[in-house]
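Here is what each chain is made of, one letter per residue.
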Amino acid sequence: MKMVIFTEAGFEYGFGHFYRMSGICERALRTGGCAEMHLRADEAARSNLKREYVIFSDWKDPAVYTEILGPDVTLVIDSYHVDISELETYKDLCRDMVVIDDNIRLDYHDMKILNPNFFGVWLNYPEGRGNTVYTGKDCTLLRDEFVMNEDRAAAREVSDILITMGGTDLKGLTAGFVESVREISSDVRLHVVCTNAYPDLDRIRTMLSEEDRLYINIQAGEMCGLMKRCDFAVATAGGTTNELIKMQCPAVLVVVADNQILNTRFLSENGFTEAIYGEDRSVIREMFSYEKRSAMIDKLKTFRSDRSGKDLLCEIAFGGGNNE
């Protein structure tokens, strides 16, 4: 039996799908399963995302997917660029199929749907469509490095702040948030996470003090350590959101895409995070409050779980799964 993942990465697609799917591949391979990721990717992704389990291919091409899929394959598909008819075709060619969904993007029917986001519990998937929906704190898709074995406590004073705007930051937000924090405090240490894809790295470097740290292309373990260390984060409201929640790190989520609005609203309205939707950044000042951060951490603790969607997907792929 084999697990096959179809996903995408690059400037057009972003990199979040790749990173959450890489954790599944790594878990399957580490536990003795057969797994491979087929990645639709641009040149930037092809240069930076080479892994032993990654195969760069146009898996939407019928000549390609008919060679990959078969009766021994469980397909996990994480893409915003497929439609229902394509999903129906893939499903018919597989032993089993699980669609990763963030916001009820399509009118799914007779499929297994996994929503890996903590906010997924607030989404109302339509009934009567023959779907099996998996969601909640036991279904997240985080890399194995993101483990929280203890309950966090808020520090009285803010000393360290994490700023991370995703894999590309095409809108150039990082420098602006460095300025926003410095307007509030000149004493805190900034931990600014970027990649070589950022167009304004030189400018960002000149804005940081000797006490601040700039991290380029860091791995999951180092990011996990930063989330533990920092008193709060300012982060784009993408896949990093789930990592921050897992690590019980208070956060201000920055909405940079329409598909992030719903989840950010659910989380902020229920007290798990704060949010920035436009130019108003006054909420960052509020995060310096001990009471604010302590209350947020107490809310985040309710999401704690030792199980994840990776456990579920491996059970489906290498256990009894079916495609009836």
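In this report, the structure presented in the accompanying data block is examined. Keep in mind that this is a model prediction, so the values were computed, not measured.

1. Some thoughts on the environment of lysine 228
Consideration 1: Within the fold, lysine 228 resides in helix H7 (residues 220-229).
Consideration 2: When residues no more than four places from it in sequence are discounted, the contact partners of lysine 228 are Val147, Met148, Glu150, Arg152 and Met247.

2. Notes on the state of the cysteines
Consideration 1: Counted under the stated rule, the structure contains zero disulfides.
Consideration 2: Unpaired in terms of disulfides, cysteine 230 finds its nearest cysteine sulfur in cysteine 249, a separation of 6.6 Å.
Consideration 3: You can see cysteine 314 has no disulfide; the closest cysteine sulfur is in cysteine 25, sitting 9.4 Å from it.

3. A few points about the side chain of aspartate 96
Consideration 1: With respect to the helices and strands, the residue aspartate 96 is situated in strand S5 (residues 96-100).
Consideration 2: Judged by its relative accessible area of 2%, aspartate 96 is buried.
Consideration 3: A polar contact is formed between the side chain of aspartate 96 and the side chain of lysine 112, at a distance of 3.2 Å.

4. Structural notes on the sheet that holds strand S8 (residues 160-164)
Either a parallel or an antiparallel arrangement is found when strands of a sheet pair, and the pairing is made through backbone hydrogen bonds.
Consideration 1: In spatial order, the strands read S10-S9-S8-S11-S12-S13; together these six strands make up an open sheet with parallel pairing. Strand pairing shows two members of the sheet lacking a second neighbour, strand S10 (213-216) and strand S13 (274-276), which therefore form its edges. When strand polarity is set aside, the average angle formed by the axes of neighbouring strands in this sheet is 15 degrees.
Consideration 2: As defined by bridge partners, strand S9 (residues 189-194) adjoins S10 across four bridges and the pair is classed as parallel. Directly across from valine 192, in S10, lies its bridge partner leucine 214.
Consideration 3: Sitting on the sheet, helix H5 (residues 173-184) touches S8, S9, strand S11 (232-236), strand S12 (251-254) and S13, and the angle it makes with S9 is about 175 degrees.

5. A short note on the packing of helix H1 (residues 16-30) against helix H12 (residues 309-318)
How two helices sit against one another is set out by the angle between their axes and by the gap between those axes.
Consideration 1: At a minimum axis separation of 10 Å, H1 and H12 run at an interaxial angle of 55 degrees. With respect to each other, H1 and H12 are oriented oblique. Judged by the sense of rotation from one axis to the other, the crossing of H1 with H12 is right-handed. Across from Gly23, Ile24, Arg27 and Ala28 in H1, the residues of H12 making contact are Lys310, Asp311, Leu313, Cys314 and Phe318.
Consideration 2: Classifying every residue of the contact of H1 with H12 gives five nonpolar, one polar and three charged.

6. As for the pattern of salt bridges
Consideration 1: Here the structure, examined in full by the defined rule, presents 23 salt bridges.
Consideration 2: With a shortest N-O distance of 1.7 Å, arginine 30 and aspartate 144 are connected by a salt bridge. With arginine 30 in helix H1 and aspartate 144 in the loop between strand S7 (132-134) and S8, this pair connects stretches of sequence that are 114 residues apart.
Consideration 3: As a salt-bridge pair, glutamate 86 and lysine 60 come within 2.6 Å of each other at their nearest N and O atoms. Here the residue glutamate 86 occupies a position in helix H4 (residues 84-93), and lysine 60 occupies one in the loop between strand S3 (54-56) and helix H3 (62-68), the gap between them amounting to 26 residues.
Consideration 4: Under the relative-accessibility criterion, lysine 60 is labelled partly exposed at 22%.
Consideration 5: Among the charged side chains, a network of salt bridges with common partners joins Arg27, Arg30, Asp144, Lys310 and Asp311.

7. Overview of the packing of aromatic side chains
Consideration 1: By the definition in use, this model includes ten aromatic pairs.
Consideration 2: Measuring from ring centre to ring centre gives 6.4 Å for tryptophan 59 and tyrosine 90, while their planes differ by 70 degrees; the resulting arrangement is edge-to-face. Placement of tryptophan 59 in the loop between S3 and H3 and of tyrosine 90 in helix H4 is noted, with a sequence separation of 31 residues between them.
Consideration 3: Tryptophan 59 sits in the buried class, given a relative accessible area of 0%.
Consideration 4: With centroids separated by 5.1 Å and ring planes inclined at 80 degrees, the aromatic side chains of tyrosine 65 and tyrosine 90 adopt a geometry described as edge-to-face. Of this pair, tyrosine 65 sits in helix H3 while tyrosine 90 sits in helix H4, and the two are 25 residues apart along the sequence.
Consideration 5: On the basis of relative accessibility, which here comes to 12%, the residue tyrosine 65 falls in the buried class.
Consideration 6: Tyrosine 90 sits in the buried class, given a relative accessible area of 1%.
Consideration 7: Grouping aromatic residues by their ring pairs yields a cluster made of Phe118, Trp122, Phe266, Phe272 and Phe303.

8. Digging into H12
Consideration 1: Taken across its ten residues, H12 has seven buried, putting it largely inside the fold.
Consideration 2: As for H12, its buried residues are in contact with strand S1 (2-9), H1, strand S4 (73-77), S5, strand S6 (112-114) and S7.
Consideration 3: N-cap assignment for H12: the residue whose side-chain oxygen lies 3.2 Å from the backbone N of lysine 310 is serine 308.

9. Details of the pairing of S4
Consideration 1: With five of its five residues buried, S4 lies for the most part within the structure.
Consideration 2: Of the two faces of S4, the one carrying Val73, Leu75 and Ile77 and the one carrying Thr74 and Val76 are both buried.
Consideration 3: Pairing of S1 with S4, which is carried by five bridges, proceeds in the parallel orientation. Bridge assignment links isoleucine 5 to a residue of S4, and that residue is valine 76.
Consideration 4: Bridge count for S4 against S5 is four bridges, and the pairing is parallel. Bridge pairing in S5 links threonine 74 to aspartate 96.
Consideration 5: The parallel pair S4 and S5 is bridged by H4, and the resulting crossover is right-handed.

Conventions we followed
Residues numbered from 1 in each chain as written. Predicted model: local features only at pLDDT ≥ 70, side-chain atom pairs only at ≥ 80, totals over all residues. Heavy atoms only, no water. Helix = DSSP H or I, 4+ residues; strand = E, 2+ residues; numbered from the N terminus. Contact = heavy atoms within 4.5 Å. Disulfide = S-S within 2.5 Å. Buried < 20%, exposed > 50% of the residue type's maximum accessible area, 1.4 Å probe, protein only. Polar contact = N/O pair within 3.5 Å; in protein donor to acceptor, adjacent residues only side chain to side chain. Pairing = 2+ DSSP bridges. Axes fitted to C-alpha atoms, helices over the stretch in contact; angles between N-to-C directions. Parallel < 35°, antiparallel > 145°, perpendicular 65-115°, else oblique. Left-handed = near helix turned anticlockwise from the far one by under 90°. Nonpolar A, V, L, I, M, F, W, Y, C, P; charged D, E, K, R; others polar. Salt bridge = Lys/Arg side-chain N within 4 Å of Asp/Glu carboxyl O. Phe/Tyr/Trp six-rings, centres within 6.5 Å; stacked < 30°, edge-to-face > 60°. Right-handed = clockwise from strand over helix to strand, strands pointing away.

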